[in-house]
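So you can see what is in the structure, the chains are spelled out below.
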Amino acid sequence: MVGRLEGHLLDILQADPRTYASGSVYSMGWSGVTRPDRGLAAQGGWVNIYDGGYEPSGGGHRPAIYLGLRALEYEDTLEAPALAGGLVEFRKLVVPLVIVAQAATELEARAQRDQLCSNVRLVLASHIVESGYWYELRTGLSEATAGETHAWLNRQGVANAVMVTAGILLPCRFLYVWTA
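Residues numbered from 1 in each chain as written. Predicted model: local features only at pLDDT ≥ 70, side-chain atom pairs only at ≥ 80, totals over all residues. Heavy atoms only, no water.

(A) Examining the overall build of the chain more closely. For the chain, the helix and strand inventory stands at two helices and eight strands. Over its C-alpha trace the chain gives a radius of gyration of 17 Å, about what one expects of a compact globule, namely 16 Å for 180 residues. Dimensions of the chain, computed from C-alpha atoms along their principal axes, come out at roughly 65 × 30 × 25 Å. Taken over 180 residues, the chain has a buried fraction of 44%. Partitioning the contacts of the chain with sequence separation of at least 6, the portion at a separation of at least 24 is 57%. With the model as given, the accessible surface of the chain reaches about 8,900 Å², and the carbon-plus-sulfur share is 52%. (Helix = DSSP H or I, 4+ residues; strand = E, 2+ residues; numbered from the N terminus. Rg over C-alpha atoms; globule rule 2.2 N^0.38 Å. Buried < 20%, exposed > 50% of the residue type's maximum accessible area, 1.4 Å probe, protein only. Contact = heavy atoms within 4.5 Å. Areas by Shrake-Rupley, 256 points an atom, 1.4 Å probe, with all protein chains shown as cover.)

Okay, here's the thing in structure tokens:
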């Protein structure tokens, strides 16, 4: 069930043009969305959505959205068991989306990261309820969301060969029903 929910989440982000749209933070936007783990080549200037976890030393193209971390793919917990003609479990799944951007300056890397994070939250706000998948989805900093959002900045290189990576860990909390 977890794989089905995660796959649907990434499919939503891939299909919605708001994922790669420009905005007030990063006005250039991106050319589109690609899924390198699904046979579509990773490309610079596109939002690359990966089915696997983020690795700081990993290659790939940025900006990118990763599904979890290598050390933490997801957290799935039982909220309440019930009986209704069979076993029914109300469950909570927390999936950390890792959003990463790279640029030559800290300002541009932050702008890209923040714009992409805003885009992802906007897209997912339209999918709070997904029949057949989940009955509630929350992202961000509200108390209703499990976990906290963490942002980071990493600068490597010297002089004109600097590459700045800006990332954010955005927890997505899904409430769903599992039946036996």
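(B) Region of the structure containing the packing of helix α1 (residues 2–15) against helix α2 (residues 106–125). Contact geometry of α1 with α2 gives a least axis separation of 10 Å together with a crossing angle of 110°. The angle between α1 and α2 places the two elements in the roughly perpendicular class. The residues of α2 that touch α1, namely those facing Leu9, Ile12 and Leu13, are Val120, Val123 and Leu124. Residue composition of the contact of α1 with α2, by class: six nonpolar, no polar and no charged. (Axes fitted to C-alpha atoms, helices over the stretch in contact; angles between N-to-C directions. Parallel < 35°, antiparallel > 145°, perpendicular 65-115°, else oblique. Nonpolar A, V, L, I, M, F, W, Y, C, P; charged D, E, K, R; others polar.)

(C) Molecular detail of the nonpolar core. Residues Leu13, Ile65, Leu97, Ile99, Val120, Leu124 and Phe174 are the most contacted members of the largest nonpolar core, which totals 30 residues. Among the elements of the structure, α1, β2 (47–49), β3 (64–67), β5 (87–103), α2 and β8 (163–179) are those that each provide at least two residues to this core. Among residues more than four places away in sequence, those in contact with Phe174 are Leu9, Arg91, Lys92, Leu93, Val95, Trp134, Glu136 and Leu137. The next biggest cluster of nonpolar side chains, apart from the first, holds seven residues, and it includes Tyr54, Ala64, Tyr66 and Leu169. (Core = buried A, V, L, I, M, F, W, Y, C linked by side-chain atoms within 4.5 Å.)

(D) Region of interest: the side chain of Arg91. Mapped onto the secondary structure, Arg91 falls in strand β5. Residue Arg91 is classed as buried on the basis of its relative accessible area of 14%. Within the local environment of Arg91, its side chain forms a polar contact with the side chain of Glu89, the two groups lying 2.8 Å apart. Setting aside anything within four residues of it in sequence, one finds Arg91 in contact with Asp76, Thr77, Leu78, Glu79, Phe174, Leu175, Tyr176 and Trp178. (Polar contact = N/O pair within 3.5 Å; in protein donor to acceptor, adjacent residues only side chain to side chain.)

(E) Highlighting the pairing of strand β7 (residues 150–156). Sheet analysis places β7 next to β8, joined by seven bridges and oriented antiparallel. Directly across from Ala151, in β8, lies its bridge partner Ile168. Counted along the chain from β7 to the antiparallel partner β8, the turn is six residues long, and its residue Gly157 has a positive phi close to 105°. (Pairing = 2+ DSSP bridges.)

(F) Representation of the packing of aromatic side chains within the structure. Inspection of the entire model under this criterion finds seven aromatic pairs. Across the ring face of Tyr133, the terminal group of Arg4 is positioned such that the distance to the ring centre comes to 4.5 Å. (Phe/Tyr/Trp six-rings, centres within 6.5 Å; stacked < 30°, edge-to-face > 60°. Lys NZ or Arg CZ within 6 Å of the ring centre and 35° of its normal.)

(G) Highlighting the side chain of Thr34. Turning to its location among the elements, Thr34 is positioned in strand β1 (residues 33–34). Assessed through its relative accessible area of 4%, Thr34 is described here as buried. Among all residues touching Thr34, those that are not within four sequence positions of it are Leu40, Ala41, Ala42, Gln43, Trp46, Val47, Asn48 and Ile49.

(H) Spotlight on the pattern of salt bridges. Overall, the coordinates contain 12 salt bridges when judged by the stated rule. Its salt-bridge partner being Glu106, residue Arg110 comes within 3.8 Å of it at the nearest N-O pair. Taken as a pair, Arg110 and Glu106 lie in helix α2 at a separation of four residues, close to a single helical turn. Arg113 is the partner of Asp114 in a salt bridge, and the nearest nitrogen-oxygen pair spans 2.9 Å. Among the residues examined, Asp114 registers a relative accessible area of 32% and is labelled partly exposed. (Salt bridge = Lys/Arg side-chain N within 4 Å of Asp/Glu carboxyl O.)

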